[in-house]
Amino acid sequence: MNISEKLFHKVLGIKEARSIKIHLKFNILICSYLHLDSGHMSKKTLEINLYEFAYLCKYWAYEKKNICIKSFMHDNISIADISGEEILNKRFIQNSESEAIIDACEWIVKQE
């Protein structure tokens, strides 16, 4: 799974993060980054449950972009459908629901 720095910034609201490295350990996203605070750079680590991050992605899409993400399982695959004022039924398919949601949000970010 690939999560961009741009999505990380938008969803978690961490503005002064640089050199973000994100990896998945079990169902936990471990995010390490350099944070600029009062002119000083410090290394920070954030751990967040993958499912919580996917929920925050859905919330961000709806609150900030007025885009609805509907996710569901069908025949052992996960599907996320997005719709909004300028988007009609775009579909993302992955092995898990959280991956499909994150892919949908990555697409939204790329459209900006």
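The rules we used
Residues numbered from 1 in each chain as written. Predicted model: local features only at pLDDT ≥ 70, side-chain atom pairs only at ≥ 80, totals over all residues. Heavy atoms only, no water. Helix = DSSP H or I, 4+ residues; strand = E, 2+ residues; numbered from the N terminus. Rg over C-alpha atoms; globule rule 2.2 N^0.38 Å. Buried < 20%, exposed > 50% of the residue type's maximum accessible area, 1.4 Å probe, protein only. Contact = heavy atoms within 4.5 Å. Phe/Tyr/Trp six-rings, centres within 6.5 Å; stacked < 30°, edge-to-face > 60°. Polar contact = N/O pair within 3.5 Å; in protein donor to acceptor, adjacent residues only side chain to side chain. Pairing = 2+ DSSP bridges. Axes fitted to C-alpha atoms, helices over the stretch in contact; angles between N-to-C directions. Salt bridge = Lys/Arg side-chain N within 4 Å of Asp/Glu carboxyl O.

Engineer: How should I be thinking about the overall build of the protein chain in this particular structure?
Structural biologist: When its secondary structure is counted, the protein chain shows three helices and six strands. Starting at the N terminus and walking to the C terminus, you meet the elements of the protein chain as α-β-β-β-α-β-β-β-α. In summary, the protein chain has a C-alpha radius of gyration of 15 Å against a globular reference of 13 Å for 112 residues, a match within 12%. Based on the C-alpha atoms only, the size of the protein chain along its principal axes is roughly 45 × 35 × 15 Å. A burial count over the protein chain gives 36% of its 112 residues as buried. When contacts within the protein chain are restricted to residue pairs at least 6 apart in sequence, those whose partners lie at least 24 apart make up 34%.

Engineer: Whenever I open this one, the packing of aromatic side chains confuses me. Can you help?
Structural biologist: Aromatic rings considered in pairs are described by the distance between their centres and by the relative angle of their planes. Tallied over the full model, the rule gives three aromatic pairs. Seen from their ring centres, Tyr 55 and Tyr 59 are 6.4 Å apart, and the 25° between their planes marks the pair as stacked. Of this pair, Tyr 55 and Tyr 59 both sit in helix α2 (residues 50-65), four residues apart, which is roughly one turn of the helix.

Engineer: How do you make sense of the environment of Ser 71 when you look at a structure like this?
Structural biologist: Residue placement: Ser 71 occurs in strand β4 (residues 68-74). Look at Ser 71 and you get buried, because its relative accessible area is 18%. Once residues within four sequence positions are removed from consideration, Ser 71 is found in contact with Lys 58, Ile 79, Ala 80, Glu 97 and Ile 101. Polar side-chain contacts of Ser 71 include one of 3.2 Å to the side chain of Lys 58. Within polar-contact distance, the side chain of Ser 71 engages the side chain of Glu 97 at 2.5 Å.

Engineer: Would you mind showing me how to read the sheet that holds strand β6 (residues 90-94) here?
Structural biologist: Consider a sheet: its strands pair through backbone hydrogen bonds, and that pairing is either parallel or antiparallel. With antiparallel pairing, three strands are arranged side by side in an open sheet as β4-β5-β6. Here the strands that pair on one side only, and so sit at the sheet edges, are β4 and β6. Looking at each pair of strands side by side, their axes are set apart by 20° on average, direction ignored. Taken together, the seven bridges between β4 and strand β5 (residues 77-83) define a ladder with antiparallel strand orientation. Across the sheet, residue His 74 finds its bridge partner in β5, namely Ile 77. Each of β4, β5 and β6 touches helix α3 (residues 97-110); the most contacted strand, β5, lies at about 30° to it.

Engineer: Sorry, what's going on with the pattern of salt bridges here?
Structural biologist: Where charged atoms from two side chains of opposite charge approach closely, those side chains can pair. Applying the stated criterion to the full structure yields four salt bridges. For Arg 91, the salt bridge identified is with Asp 81, shortest N-O distance 2.6 Å. In this pair, Arg 91 is assigned in strand β6 and Asp 81 in strand β5, connecting sequence segments 10 residues apart. Through salt bridges that share partners, Lys 6, Lys 10, Lys 65 and Glu 112 make up one connected network.

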